[in-house]
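# Observations on the three-dimensional arrangement
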Amino acid sequence: MAMDQVNVEIVTREVIKPSSPTLNHLRKFNLNLLDLPAPVSYEPLVFLYSNFQQQLTGAQKSQRLKRSLSVTLTRFYPLAGRIKDGVSIECNDFGAVFVESRVSCLLSKFLEKPDAELLGKFIPVGTESPETLAGSLVLVQANFFACGGLAIGACISQRVADPVTFIKAWAAAALGSVDDSTALPFFNAPPVSPSRNSSLTKPAAVDLTSDKCVTKRAVFDASKIAALQAKAASESVTCPTRVEAVTALIWKCAMNASRSNSEHLRYSILSQSVDLRKRMATPLPENTNGNLVGYFASCATECEIELQSLVGQLRQGLRGFMGEGKASMATIESSQDGDVDFYVSTDFCTFPFYGIDFGWGKPAWVTVPARANKNAIVIMDARDGRGVEAWVTLTEEDMTFFERDRELLAAAASFDPNALDLIMPNSSL
């Protein structure tokens, strides 16, 4: 069956309330300073599980998900509320939306060639939906395949929380293994920015239009990443990280594609996410609630398009963000002349997605639906923890050049490969 013939039928849609009411003195929750610049959109994630462990029926899995979600909403009580005035949450125990659907194909068939359009049907709402302004802060969709496989699509408001902390706690509740260190949220994030460059804690302006955009998934093998890191090394950055090397390569190839479709050279700015918890003057616990993500900007001119130079720009942007070097915001503000390409990169590497177990084993694959905005890059660990998967959204014209870039293909980047090849042999589907 072709993927464009697969039907995702919504069976039920309900609201899951917290298991216990929120106390009166907790009815208003003020967003901290680091949450306010967060995009008004959802952060979507999709966890795909095989039916290798068949102890539970689909109905039993659904009930477990709903019960544990109710318990988790009690602990993360702001996420059961609604954003009231842009700076606070009315903790009214409204709850989270839970949708259940049936998918008319086998999970293995979907994984043979994951389809970005079909993947978007596994989440209950568009990432830039107007509902983020005043609607549900948590929406979940449980998608049951014909074989018994399950895809859990979760959308969580970026203005309120990062999805990883909440989903980890939700899975722990489903397993009944709640403990203070991993599942109980910490709500005392300080209302300060991490350095004197507080203006860098929001992403650079980005075109949110989706007209004629294409999303491709590029997979980088671990051994080839090591060679790429060696190629990207320089006197200024002697040991590039795998994220720096892959991000710089994608940025370079995207810039080449854009300039191939332009009559003149264009300035380029990449805004990259960074987890603030470990970068505060006093590091915060991993389970600190909030969208504690900052963005640092890196700039490139027509003379700075080599891989080593771009890695240096990424490292300089991070140092400037941390107050250890020259920041790039002045350059950004002086470059608003229409001849600038803005890219936004989100880094999910090292996040423990493949440890999320609701009681029927660890996920066979974890991924993100395509973004609605152009020039967006999302980088995640491959299942082996060493390779990298990148979802890249560009205009149709730029993608035509991008996916044929020789340097990109030489780095063993395969586009939209069979996801089954990335799954461990014992993960029967």
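About the cut-offs
- Residues numbered from 1 in each chain as written.
- Predicted model: local features only at pLDDT ≥ 70, side-chain atom pairs only at ≥ 80, totals over all residues.
- Heavy atoms only, no water.
- Core = buried A, V, L, I, M, F, W, Y, C linked by side-chain atoms within 4.5 Å.
- Buried < 20%, exposed > 50% of the residue type's maximum accessible area, 1.4 Å probe, protein only.
- Helix = DSSP H or I, 4+ residues; strand = E, 2+ residues; numbered from the N terminus.
- Contact = heavy atoms within 4.5 Å.
- Phe/Tyr/Trp six-rings, centres within 6.5 Å; stacked < 30°, edge-to-face > 60°.
- Lys NZ or Arg CZ within 6 Å of the ring centre and 35° of its normal.
- pLDDT = per-residue confidence, 0-100.
- Arc of directions from axis to C-beta.
- Polar contact = N/O pair within 3.5 Å; in protein donor to acceptor, adjacent residues only side chain to side chain.

Going by the annotation in an unreviewed UniProt entry, the name recorded for the protein chain is BAHD acyltransferase, with Salix udensis given as the source organism.

### Digging into the nonpolar core
Counting 71 residues, the largest nonpolar core has Phe110, Phe122 and Phe358 as the members making the most contacts within it. With 7 residues, the top contributor of residues to this core is helix H5 (residues 163–175). Once you skip the residues sitting within four places of it in the chain, Phe110 turns out to touch Met3, Leu48, Cys105, Asp115, Leu118, Leu119, Phe122, Phe145 and Trp365. Ile225, Val392, Leu408 and Ala411 belong to the second-largest nonpolar core, a separate cluster that totals 37 residues.

### As for the packing of aromatic side chains
What the rule picks out here adds up to 14 aromatic pairs. Here the aromatic rings of Phe76 and Phe166 are separated by 5.3 Å at their centres, their planes lie at 80°, and the arrangement is edge-to-face. Of this pair, Phe76 sits in the loop between helix H1 (58–75) and strand S4 (82–83) while Phe166 is found in helix H5, placing the two residues 90 residues apart along the sequence. Like Phe76, the residue Phe166 is buried in the burial classification. Ring plane angle 75° and centroid distance 4.9 Å describe the contact between Trp170 and Phe358, whose orientation is recorded as edge-to-face. In this pair, Trp170 is assigned in helix H5 and Phe358 in the loop between strand S12 (340–347) and strand S13 (365–367), connecting sequence segments 188 residues apart. Note on Trp170: relative accessible area 1%, which makes it buried. Within the aromatic cluster, the residues linked to one another by ring pairs are Phe47, Phe348, Phe351 and Phe353. A cation over a ring is seen here: Lys17 above Phe94, with NZ or CZ 5.2 Å from the ring centre.

### Observations concerning the confidence of the model for the protein chain
When pLDDT is averaged across the protein chain, the result is 81; 74% of the residues are at 70 or more. Scored below 50 in pLDDT, residues 325–336 shows 22 contacts in the model against residues more than four places distant or in partner chains.

### Observations concerning helix H6 (residues 222–232)
Listing the buried residues of H6 in full gives Ala222, Ile225, Leu228 and Ala232. Projection of H6 onto a plane perpendicular to its axis shows the buried side chains occupying an angular sector of 105°, all on one side. Of the exposed residues in H6, those oriented more than 90 degrees away from the buried face are Ser223 and Ala230.

### Description of the environment of Ser104
Turning to its location among the elements, Ser104 is positioned in the loop between strand S6 (96–103) and helix H2 (107–112). Sequence-wise, Ser104 and Gln5 are 99 residues apart; in three dimensions their C-alpha atoms are separated by 8.8 Å. Polar contacts involving the side chain of Ser104 include one to the main-chain amide nitrogen of Asn7, which spans 2.8 Å.

### As for unusual backbone geometry
If you check the backbone angles, Asp93 has positive phi at about 60° while not being a glycine. Summarising the element assignment, Asp93 is placed in the loop between strand S5 (88–90) and S6. One non-glycine residue, Asn375, lies in the positive phi region at around 60°. Position of Asn375 among the secondary structure elements: in the loop between S13 and strand S14 (376–381). Judged by its relative accessible area of 6%, Asn375 is buried.

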